[in-house]
Amino acid sequence: MKTNNKLIVMNWKCNPRSIAEARVLAVASDVRGVVVCPPSVFLCSVAQILKQASLGAQNGFWAEGAYTGEYSFGQLKSAGVKYAIIGHSERRLLFGENSQIISKKIASALAAGISPIVCIGEKKRTTVYTAIKAVVTELNNSFTGISKDNLGKIILAYEPIWAIGTGKNAPLDEVLPIISAMRKYMMDLSNKKIKIIYGGSVSPENVSSYAVSPFIDGVLVGGASANKQKSAAIIEKLHSLNF
Ligand code: PEP
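Here is what the cut-offs are and how they apply
- Residues numbered from 1 in each chain as written.
- Predicted model: local features only at pLDDT ≥ 70, side-chain atom pairs only at ≥ 80, totals over all residues.
- Heavy atoms only, no water.
- Helix = DSSP H or I, 4+ residues; strand = E, 2+ residues; numbered from the N terminus.
- Expected span 1.5 Å × (residues − 1).
- Buried < 20%, exposed > 50% of the residue type's maximum accessible area, 1.4 Å probe, protein only.
- Arc of directions from axis to C-beta.
- Near = heavy atom within 4 Å.
- Polar contact = N/O pair within 3.5 Å; in protein donor to acceptor, adjacent residues only side chain to side chain.
- Salt bridge = Lys/Arg side-chain N within 4 Å of Asp/Glu carboxyl O.

**Q** I would appreciate a short explanation of helix 6 (residues 128–142) in the present structure.
**A** Side chains three or four residues apart in an α-helix point the same way, a direct result of the helix having 3.6 residues per turn. Between its first and last C-alpha atoms helix 6 spans 21 Å; for 15 residues at 1.5 Å apiece the expected length is 21 Å, and the two agree. Listing the buried residues of helix 6 in full gives Ala131, Val135, Glu138, Leu139 and Ser142. One face of helix 6 carries all of its buried residues, which in axial projection span an arc of 105 degrees. Facing away from the buried surface of helix 6 by more than 90 degrees, the exposed residues are Tyr129 and Asn140.

**Q** Any chance you could explain helix 5 (residues 99–112) here in plain terms?
**A** The terminal C-alpha atoms of helix 5, which comprises 14 residues, lie 20 Å apart, in line with the 20 Å expected from a rise of 1.5 Å per residue. Among all positions in helix 5, only Ser99, Ile102, Ser103, Lys105, Ile106, Ser108, Ala109, Leu110 and Ala112 are buried. Remark: Gly113 follows helix 5 within two positions and exhibits a positive phi of approximately 85 degrees.

**Q** Would you mind showing me how to read the site of the ligand here?
**A** Near the ligand you find 15 residues, and of these His88, Glu159, Gly165, Ser201 and Gly223 are the closest. A distance of 2.7 Å separates an oxygen atom of the ligand from a polar side-chain atom of His88. Contact distances for the ligand include 2.9 Å between an oxygen atom and a backbone N or O atom of Gly222.

**Q** Looking at this model, I keep getting lost on the pattern of salt bridges. Mind explaining?
**A** Once the charged atoms of two side chains with opposite charge are near each other, the side chains can pair. Counting across every chain of the model gives eight salt bridges. Of the charged contacts in the structure, one is a salt bridge between Glu138 and Arg92, with a shortest N-O distance of 2.9 Å. With a gap of 46 residues between them, Glu138 in helix 6 and Arg92 in helix 4 (residues 89–95) connect regions that are remote in the sequence. Residues Lys184 and Asp188 are paired through a salt bridge, measuring 2.8 Å at the closest nitrogen-oxygen approach. With a gap of four residues between them, Lys184 and Asp188 both fall in helix 8 (residues 172–190), about one helical turn apart. Under the relative-accessibility criterion, Lys184 is labelled exposed at 53%. Shared partners join several salt bridges into a network, and the residues in it are Arg91, Glu97 and Lys105.

If you want it as structure tokens, here you go:
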């Protein structure tokens, strides 16, 4: 059904409540090109269901051993995980993740053979120029100790924080110059063209506006992805547009 290599990343966040509901959601998103990111406790159950979609994690830790409550990228890999969201704004804001922690997680994910989906975005809605400055500063701080070769394996998610979970998605004409600046920054750093996706209140109603752009390599869907009808509608819309 899907012919290109764009990504539809479904970040369920801390949803749903039960394994039974997680299974139902997983079936609805089991389509090629989709990356299903359930809560870690459901990863193994969801892995058993997915035949077409890939498995993603919402987090990971850079070490193994005496770190109660954590799970490493190596352990995620052995559970079938192919992608990991790193540096999501909720992790930065609520769990104190800073650029140093994020760099360690990116390096560890790459070492385990997991593709990091690194979330970057400005806090407040502002001018495009100010947003670009904020995003480039964050990029500058995020890749300490990561080799040029490995930088080319990173996927970036441009996620303006003001758009996450607010129902106010960033319009395409604002998103494009920011993604273009991110792409130039990564090209200068790694000499590779990496994937850059958009996230922030993506819904069945607005997803088509991103799908039409050849400069956006995918979408990261949060709240809507934990709703069976909405996630199915988003996938259906994107496929009808050959996304
Ligand atoms: C997200 O969780 O990264 C996200 C973009 O959430 P939402 O789609 O709910 O804004």
